[in-house]
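Chain by chain, the residues run as shown.
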Amino acid sequence: MKNNFSDIQNTIEELHCKYLPFKDGHTADYIPELAHANTNHFGIAVVTTEGEVFKVGNCEASFTLQSTSKPFVYGLALEQNGQEKMLSKVGVEPTGDAFNSIIELEKQSHRPYNPMINSGAIAVSSLIQGTSFHDKIATIIKAFESYVGHALVVDENVFLSEKKTAHRNRAIAHLLRHFGIIEEDNIEEILDLYFKQCSILVNTIDLATIAATIAGGGVQPFTKNQVVHSNTARDILSLMFTCGMYDSTGEWAYTVGLPAKSGVSGGLLAALPGKMGIAVYSPLIDERGHSLRAVKVFQELAKKYSLSVFSHEDN
Ligand code: GLN
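Conventions we followed
- Residues numbered from 1 in each chain as written.
- Predicted model: local features only at pLDDT ≥ 70, side-chain atom pairs only at ≥ 80, totals over all residues.
- Heavy atoms only, no water.
- Phe/Tyr/Trp six-rings, centres within 6.5 Å; stacked < 30°, edge-to-face > 60°.
- Helix = DSSP H or I, 4+ residues; strand = E, 2+ residues; numbered from the N terminus.
- Near = heavy atom within 4 Å.
- Polar contact = N/O pair within 3.5 Å; in protein donor to acceptor, adjacent residues only side chain to side chain.
- Nonpolar A, V, L, I, M, F, W, Y, C, P; charged D, E, K, R; others polar.
- Salt bridge = Lys/Arg side-chain N within 4 Å of Asp/Glu carboxyl O.
- Buried < 20%, exposed > 50% of the residue type's maximum accessible area, 1.4 Å probe, protein only.
- Lys, Arg positive; Asp, Glu negative; His and termini not counted.
- Contact = heavy atoms within 4.5 Å.

Attention shifts here to the packing of aromatic side chains. Applying the stated rule across the entire model yields 11 aromatic pairs. Taking 4.9 Å as the distance between ring centres and 35° as the angle between the ring planes, the aromatic pair formed by F5 and Y305 counts as tilted. Placement of F5 in the segment before α1 (8-19) and of Y305 in helix α12 (residues 292-305) is noted, with a sequence separation of 300 residues between them. With a centroid separation of 5.4 Å and 65° between ring planes, the pair formed by W252 and F298 is classed as edge-to-face. In this pair, W252 is assigned in helix α11 (residues 249-255) and F298 in helix α12, connecting sequence segments 46 residues apart.

In structure tokens:
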């Protein structure tokens, strides 16, 4: 039956048992530091908008946000700059291309298609307001702290590892500068901001709490603080729904049907509007950068509880 979650704890325990032996995929070794992730780690967490928590597995193990940061940094930039400015720099259209694609920047308006892919997210980094680099990164960390409800730190090793090897992202940033999407010459600083946001350490419960906050119209489920405006939460959810899973967003919409965002460190979060946030962590990812165990778990949860936002009440 749609959305009857009374046995959710049992269900996630069963799914954890079922997919723990599932070892397909690989760690994100293009960022050398992420290659060392413990591939046995596997956590599933559900946080309701009322603040109930259900969890199983390695939900306290920490990992870096990577691309799961993108919708929320976009939300911050949106609140700082307004819709018109944001739309002039970054679109809201899905691409059907990989997250790190460079090719679409050569086409049409040179404006990144959306903020969930790297080109869009790097453009968003250039739009974060602040008096200095430190002020800007502090603002980003503070935003995530208000989502999770406690202090957060950056994993400096992951940050440096990505900074050292990010030739593709560097090329994207220079193209953005060439086309005037990035307006200043401080390319390295903008990239550092992006790499730092990607390197913020969280755990699976944090990720589910972030998702629950956005599912609850921007209200943090434990502190009850309004973390972002409800319109911002709405805009974040639409972008996650249409672009969050890159070139498998259509398949995800069809098989899961929830606004979601993945990251190459293995985190995947999804929001069931008005009800809950769900997160899964497992560092074994597919070629598109999605945690494979997470995709399996979400597909099963979606089927069992008719999670799709388009499911009818009678399902
Ligand atoms: N920091 C990563 C990168 O830019 C994030 C990618 C991701 O999680 N898909 O490549």
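Residues in close proximity to the ligand include Y30, Q66, S67, F99, N118, E162, N169, Y194, C198, Y246, G263 and V264, which together make up its full environment. Taking Q66, its side chain carries an N or O atom lying 2.6 Å from a nitrogen atom of the ligand. Here E162 contributes a side-chain N or O atom positioned 2.7 Å from a nitrogen atom of the ligand. Of the residues that constitute the shell around the ligand, the class distribution is 6 nonpolar, 5 polar and 1 charged.

Moving on, we get to the pattern of salt bridges. All chains considered together, the criterion is met by 12 salt bridges. Residues K85 and E183 are paired through a salt bridge, measuring 3.8 Å at the closest nitrogen-oxygen approach. Of the two residues, K85 is situated in helix α3 (residues 83-89) and E183 in the loop between α7 (167-178) and α8 (187-198); the sequence distance between them amounts to 98 residues. Classification of K85 by relative accessible area gives partly exposed; the value is 33%. Exposure remark for E183: the relative accessible area of 48% places this residue in the partly exposed category. Here K163 makes a salt bridge to D192, at a shortest N to O gap of 2.9 Å. Pair noted here: K163 is in helix α6 (residues 156-165) and D192 is in helix α8, with a separation of 29 residues, a long-range link. According to the relative accessible area criterion, K163 is partly exposed, its value standing at 25%. Overlapping salt bridges, with partners in common, bring together K163, R170, E188 and D192 in one network.

The topology assignment puts K261 in strand β5 (residues 260-262). One buried charged residue, K261, remains without a salt bridge, the closest side chain of opposite sign being D247 at 9.4 Å. Of the polar contacts made by the side chain of K261, one reaches the backbone oxygen of G244; its length is 2.9 Å. At 2.9 Å, the side chain of K261 and the side chain of Y246 are in polar contact. Sequence-distant contacts of K261, defined by excluding residues within four places in its chain, comprise S67, T68, K70, P71, M116, M240, G244, M245, Y246, G267, L268 and L269.

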